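In case you want the letters, here they are:
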Amino acid sequence: MEFSEHIKTANVEDVVLHQPLHPPSKGTLCITGHHLLFSDREEDSGRQVLLLLRNVDAVEKSSVENLMNYFGLFPKPGRSDRATESSGTIIIKCKDLRVIQLDIPGMEQCLNIAQSIETLSHLDSVAEMYPFFYRPSHASLGEQWGLSTPERHYTEMEALHERWRLSTVNQNYSVCPSYPPAVIVPKAIGDDALKKVAKFRQGGRFPVLCYYHKKNGMVILRSGQPLTGANRKRCIEDELLLQAVIADSDKGYIIDTRSAQQAQQARMMGGGFESKPCYSSWKRLHRPMERGKTLQESLIKLVEACGDKSPNMDRWLSKLENSKWLSHVQTALSTAGLLAECVERDGHSVLVHGSEGTDATLLLSTLAQLIMDPSCRTLEGFLTLLEREFVQAGHPFQQRCSHSAFSHARLQQECPVFLLLLDCVWQLWCQFPLALGFSEALLLRLATEAYSSDYGTFLCNSDMERGVHQVKDKTHCLFQALLKPKERDQYTNPLYEPNELAIWPSVHPQSLQLWSGFFLRWTQQAHHLELVQEEIRNMVIEWGKLALS
Amino acid sequence: MASPVSVYNSNVLDAHISSTSRESLKMELLADVGLLPGEERIIDKDIIYICPFSGAVKGKVLITNYRLHFKSSDADVAVTLDVPLGTISRVEKMGGASSRGENSYGLDITCKDMRNLRFALKQEGHSRRDIFELLFKYAFPVSHGLPLFAYVTQEKYEENGWSVYRPVEELRRQGLPNNKWRITFINENYELCDTYPAVLAVPFKCKEEDLRRVASFRSRGRIPVLSWIHRENRAAIVRCSQPLVGMSGKRNKDDERYLDLIRDANDTAKLTIYDARPNVNAVANKATGGGYEGDEYHNAELVFLDIHNIHVMRESLKKLKDIVYPNVEESHWLSSLESTHWLEHIKLVLSGAIQVADKVSSGNSVVVHCSDGWDRTAQLTSLAMLMLDSHYRTLKGLQVLIEKEWISFGHKFASRLGHGDKNHADQDRSPIFVQFMDCVWQMSKQFPTAFEFNERLLLTVLDHLYSCRFGTFLYNCESAREQNALRRKTVSLWSLVNSKTEVYLNPFYTPESGRVLYPVASMRHLELWVTYYIRWNPRIRQQQSPVEQRYLELLALRDEYIKKLEELQLSDAPRLADDGRGADPSSPPPASSPARQQHYAHLHTPF
């Protein structure tokens, strides 16, 4: 691949960089295949800004073609002359919500730079992405990739071996392209039956176990919607599978992330829901959750309100409300709370799905586990949970995170489900300052990494695709990196105290706050609070050390 | 078969109210209520508490001369209420003997702290008459010629809170007197100004007779006096009331000269006068004899800060109460919150204080006033001082700040809060001090390591603002307190606080002397103080107690750490023990540190 063909101007001197939290500075700008590099000339310390081009969401050119330039069209010859007389400004809006401005001398250079950034920031080919080139000195390829595997997950939970088995029916991704090769299913159901069930579920996503509640043996399953279609098709194997889940307990719940009406309408498109007569032991609860475009637009509105520079902000709260972001947070948390309640308080197993079962479904199962299961609340536990429930479970990161809130590109598959999850986790973190073993800094890091990263963890849309691109062989693993001693210190919560109890979030609008650490991240105030949190962490660690000595 | 009951599924609430152990109910329900020394039982009664969250709860109520205490008798719902009678602003009868419907006959109690209580009684034999009359009498003792409970209580504490604030000592801490400012006792008998304290600091060059002439031109004689002075640049915060300009545009040469002396004291070209009011209100005040400083004050510039008056603030908080109690607004919470304008008022007060602090830290003296100089002025000067002087961010420092800028300078606590007064609709009521505490809370949220005290202290202060158990917030001004022998006959709130400081301390406090704190007064960075305004709603409240417990542990760990550190330093090099912190006397190290004693020695700088 030739990145150079996209780079007409690689170096520009005397560029002025305006970035949040810093005074403007003058220096040299350099564009490479994956990065924008700015070196501050005035400072001896050699302060540099290295921006991954993948992080760029939108590039805006506001050319400051002054009058001189018009005269430049007249006899005055020479390109260089013209270039010095004009200058251009590029505004770069990043997926981590940072907005930076570059004043570049020379209109042509400016246009070249803008063009390069635009092209290189959304290259489609996975193999050209930076994680395949990132070779840090402190790590080598071939180290363990990922934190766990479905096999290990199964082996570790002995309590479920009696009634559940690990199936490798999807070994070649032939049954369900978005599932990992091994999944946990009821022991009573054979692989042949699973193949039939897969044909009856959207995307081949047959019901699999994702959580086993040790206290009462109840489970959470997730799947795609049943393809009942307009003429109410049935699938005996599907019904048997669900019956096998319940076994001797009296009933189970199905949480459908669509409204009853949406579920009805889905039948016209070949989808559907589990009807009462066919699944008599299952009670269906419809809890509509926003998805796709609606969620993405909500993010766009919110970010727009947060970036509003006008001094008159007296309508801020209305704007915040109108973005509806916080009400999406509320819906997600309360539905996850309901799911956890069914399992923990009510003592029943639950199947979660919407249509594809790769977005809201995963959001709910992840949050519910965090609420109920103390082992998910440590730093390792949480990362393992994300790996299992989002990465391995086939959340299409590449499609969902290809653009963020600033992009002018037409929306396709973008949707901030993962960001919504992190926001919900942050709300839990605020409501239970002692219960989670990781820090806000981790959530911020993940929010950035999901959109643009040095690591391969969030590349591609499924395990299968990652296999095709040899992601595990050719890139480094983010989760492993985060757990290395030096990094991990930054991401632990110094106030953490293990707590066996479920943490039930309060979901009233009064209890939910704007995640200002993320959405207002590039303001002085949020930056200041980030530093203070770090200070507090160091303080507590220091006290602990001396107390132990 | 119903779907699982849940807080996530319906509005039925049961989950968050823990159930009591059954054996405790075998005991006499109210026998274990811990009464204060001097507290007496007045009446107890079977009653039904109409809890807005868990419905009608049967139990027993006890009224003493200090509190209303309710305990449920139902094993499944453990509800306990413990409300100081001082918190009650209004008691009304609900329904009549012939009212229909369940629990429609009883009492309706409005509280000053964002909640209402409703009790139902049996609809026979005038069952509520005695309790209503007794409650009415003891909740409003002032209206019945009875003493406030602060005069009845026999509580004793290790610490004496009345010694926290000594005016002269505090002025000395600031470096007064110096060659520009002096301390005057002209108001010793409260003759110059009956709402000012006895000790005042005024420009050195100003004679006593000048002060009297200035007093005649300032509303209620509240002349410009020094609140705070910057140690290095000598810029001062001066507070007063509005000048009596009136419709005819009166002038007073003495007042003009006096303000010029203030400017002259630190030798800057211009004196900035902050008028807290909106411009139009200041103009309107001329009609009643007031006004603002005009062009005749040559070397002064006037800035209006657009903060609204006590009536606007009262209505704003009332609107806030409407959307948070008993039921919180769900569907349009943020826009409803916006329409109360409460946060907007907070923003204006904070940004006014920021302007004052900024002016002073850049070396210019300022004069702050509103109309009478006891509401908005107190907010602005005290918040600016909190930003400028790290001493006020300590536990003792905040006490001094409240004693000084609020209590001694005559914020009309009695009128604003109506202690013991049955007249609940009085137009003088206003939550000005609550608003100040909200601003302090906003600052502590924005600077989590800058304040030695924690949220619990702020809540405790606000609870006892109403309780009338301590003398601290009683009466409108110092002269009234003297007349009523307040210090001799009542206990100070700071006695309670300073006898058990650890629960009020912030483990993460890191003293930083000389640092000016500028909070961000933008709507985006202000939050509603949910843990105060919505604390009665059990669904909103989060796990406070484990967090408080953890903080206490951390505090102990920190103290251990400091102790070990000091031991290490002592054994290493004795001189290091001071840790460089003693350099600036305005910032004491953590209260528990032994270095503190040493530190306070710095304060007693001789004249």
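Attention in this report is confined to the structure presented alongside it. (Residues numbered from 1 in each chain as written. Chains lettered and ligands numbered in written order. Predicted model: local features only at pLDDT ≥ 70, side-chain atom pairs only at ≥ 80, totals over all residues. Heavy atoms only, no water.)

**What about helix α7 (residues 260-268) of chain A?**
Residues and elements named next belong to chain A.
Move 1: All of the buried residues along α7 are Ala263, Ala266 and Arg267. Around the axis of α7, the buried residues are gathered within 110° of arc, so they sit on the same side. In α7, the exposed residues that point more than 90 degrees away from the buried face are Gln261 and Met268.
Move 2: At its buried positions, α7 is contacted by β12 (252-256) and β13 (282-286).
Move 3: Just past α7, the residue Gly270 takes up positive phi, approximately 95°. (Buried < 20%, exposed > 50% of the residue type's maximum accessible area, 1.4 Å probe, protein only. Helix = DSSP H or I, 4+ residues; strand = E, 2+ residues; numbered from the N terminus. Arc of directions from axis to C-beta. Contact = heavy atoms within 4.5 Å.)

**Focus on the pairing of strand β10 (residues 225-229) of chain B**
Residue and element names in this part refer to chain B.
Move 1: Buried residues dominate β10, accounting for five of its five residues.
Move 2: As judged from the four bridges shared by β10 and strand β11 (residues 236-239), these two strands associate in the antiparallel manner. Pairing of Trp228 across the sheet is with Ile237, part of β11. (Pairing = 2+ DSSP bridges.)

**Things to note about the sheet that holds strand β12 (residues 271-275) of chain B**
Residues and elements named next belong to chain B.
Move 1: With mixed pairing, five strands are arranged side by side in an open sheet as β10-β11-β14-β12-β13. One side of each edge strand has no neighbouring strand; the edge strands of this open sheet are β10 and β13 (300-304). Taken over all neighbouring pairs, the strand axes of this sheet differ in orientation by 25° on average, direction set aside.
Move 2: Running at roughly 120° to β12, helix α5 (residues 253-265) makes contact with β10, β11, β12 and β14 (366-369) of the sheet.
Move 3: The strands that helix α10 (residues 376-388) touches are β10, β11 and β14; relative to β11, the one it contacts most, it runs at about 165°. (Axes fitted to C-alpha atoms, helices over the stretch in contact; angles between N-to-C directions.)

**Digging into the environment of Glu530(A)**
All names here are of chain A.
Move 1: In this fold, Glu530 is placed in helix α21 (residues 524-548).
Move 2: Residue classification places Glu530 among the partly exposed residues on the basis of a relative accessible area of 29%.
Move 3: The sequence separation of Glu530 and Gly517 amounts to 13 residues, and the corresponding C-alpha distance is 7.4 Å.
Move 4: Apart from residues lying up to four places away in sequence, Glu530 is in contact with Leu444 and Arg521.

**Re the nonpolar core**
Move 1: With 231 residues, the main nonpolar core has Leu446(A), Phe479(A), Phe519(A), Phe433(B) and Tyr533(B) as its most contacted residues.
Move 2: In this structure, Phe519(A) is in contact with Leu97(A), Leu299(A), Leu302(A), Val303(A), Cys306(A), Trp325(A), Asp423(A) and Leu514(A), ignoring residues within four places of it in sequence.
Move 3: Grouped together as the second largest cluster of nonpolar side chains are 35 residues, Trp181(B), Cys206(B), Ala265(B) and Val367(B) included. (Core = buried A, V, L, I, M, F, W, Y, C linked by side-chain atoms within 4.5 Å.)

**A closer look at empty space enclosed by the protein**
Residues and elements named next belong to chain A.
Move 1: Counted according to the given criterion, the structure contains seven cavities of 30 Å³ or more.
Move 2: Here the largest cavity defines a volume of roughly 260 Å³.
Move 3: Lining the largest cavity are 24 residues, with Arg54, Met129, Tyr451, Ser452 and Leu459 positioned closest to its centre.
Move 4: Of all the elements in the fold, those that place two or more residues in the lining of the largest cavity are α3 (107-121) and α13 (397-400).
Move 5: Of the residues that constitute the lining of the largest cavity, the class distribution is 15 nonpolar, six polar and three charged. (1 Å grid on protein atoms, 1.4 Å probe; cavity = no way out; pocket = protein on both sides within 12 Å on 5 of 7 lines; lining within 4 Å. Points joined across faces, edges and corners; volume = space filled by probe spheres on them. Nonpolar A, V, L, I, M, F, W, Y, C, P; charged D, E, K, R; others polar.)

**Regarding the packing of aromatic side chains**
All names here are of chain B.
Move 1: A full pass over the atoms with the stated rule returns 38 aromatic pairs over all chains.
Move 2: Relative to Tyr533, the ring of Trp342 has its centre 6.0 Å away and its plane inclined at 80°; by these criteria the two rings are edge-to-face. Of this pair, Trp342 sits in helix α9 (residues 342-361) while Tyr533 sits in helix α18 (residues 530-533), placing them 191 residues apart in sequence. Note on accessibility: Trp342 and Tyr533 belong to one class, buried. (Phe/Tyr/Trp six-rings, centres within 6.5 Å; stacked < 30°, edge-to-face > 60°.)

**Side note on unusual backbone geometry**
Negative phi values dominate among residues other than glycine, just as trans dominates among peptide bonds.
Move 1: Geometrically, the link from Leu176(B) to Pro177(B) is a cis peptide bond, its omega value of -5° lying close to zero.
Move 2: Tracing the sequence through the fold places Pro177(B) in the loop between α3 (167-173) and β8 (181-184).
Move 3: Cis geometry marks the peptide bond from Tyr325(B) to Pro326(B), where omega comes out at -5°.
Move 4: Looking at the element boundaries, Pro326(B) is found in the loop between α7 (310-324) and α8 (333-340).
Move 5: Non-glycine residue Asp14(A) carries a positive phi angle of around 55°.
Move 6: Structurally, Asp14(A) can be placed in strand β1 (residues 11-18).

**Digging into the pattern of salt bridges**
Move 1: Following the criterion strictly, the structure yields 61 salt bridges over all chains and no others.
Move 2: A salt bridge links Glu497(A) to Arg550(B); the shortest N-O distance between them is 3.8 Å. With Glu497(A) in the loop between α19 (485-490) and α20 (516-519) and Arg550(B) in helix α19 (residues 544-572), this pair bridges two chains.
Move 3: If you follow the salt bridges from partner to partner, you end up with Asp210(B), Arg213(B), Asp254(B) and Arg257(B) in one network. (Salt bridge = Lys/Arg side-chain N within 4 Å of Asp/Glu carboxyl O.)

**A few points about the sheet that holds strand β2 (residues 55-64) of chain B**
All names here are of chain B.
Move 1: The sheet built from seven strands is open, its strands ordered β4-β3-β2-β1-β7-β6-β5 with antiparallel pairing. At either end of the open sheet lies a strand with only one pairing partner, and these are β4 (80-84) and β5 (88-94). Ignoring strand direction, the axes of neighbouring strands in this sheet form an average angle of 30°.
Move 2: Looking at chain direction, strand β3 (residues 67-72) and β4 are connected through five bridges and run antiparallel.

**Examining the environment of Tyr157(B)**
Residues and elements named next belong to chain B.
Move 1: Considering the arrangement of structural elements, one finds Tyr157 in the loop between α2 (129-139) and α3.
Move 2: Along the chain, Tyr157 and Leu496 lie 339 residues apart, while their C-alpha atoms are 6.6 Å from each other.
Move 3: When sequence neighbours within four positions are dropped, the list of residues in contact with Tyr157 reads Arg469, Phe470, Val491, Ser495, Leu496 and Ser499.
Move 4: A polar contact of 3.1 Å, which involves the side chain of Tyr157, links it to the side chain of Arg469. (Polar contact = N/O pair within 3.5 Å; in protein donor to acceptor, adjacent residues only side chain to side chain.)

**Focus: the interface of chain A and chain B**
Move 1: Listed by partner, the interface residues are 60 residues for chain A and 53 residues for chain B.
Move 2: Buried surface at the junction of chain A and chain B, both sides included, amounts to about 4900 Å², of which 61% is carbon and sulfur.
Move 3: When the buried area of chain A at its contact with chain B is split by residue, Leu317(A), Gln510(A) and Trp543(A) rank highest and sum to 17% of it.
Move 4: In this structure, the connection of chain A to chain B is made through two salt bridges.
Move 5: Viewed at the interface, chain B and chain A are joined by 15 residue pairs in polar contact (both at pLDDT 80 or more).
Move 6: When contributions to the side of chain A that touches chain B are tallied by element, the ones reaching two or more residues are β13, α8 (292-306), α9 (316-323), α10 (325-344) and α21 of chain A. (Buried area = accessible area lost by both parts, 1.4 Å probe.)

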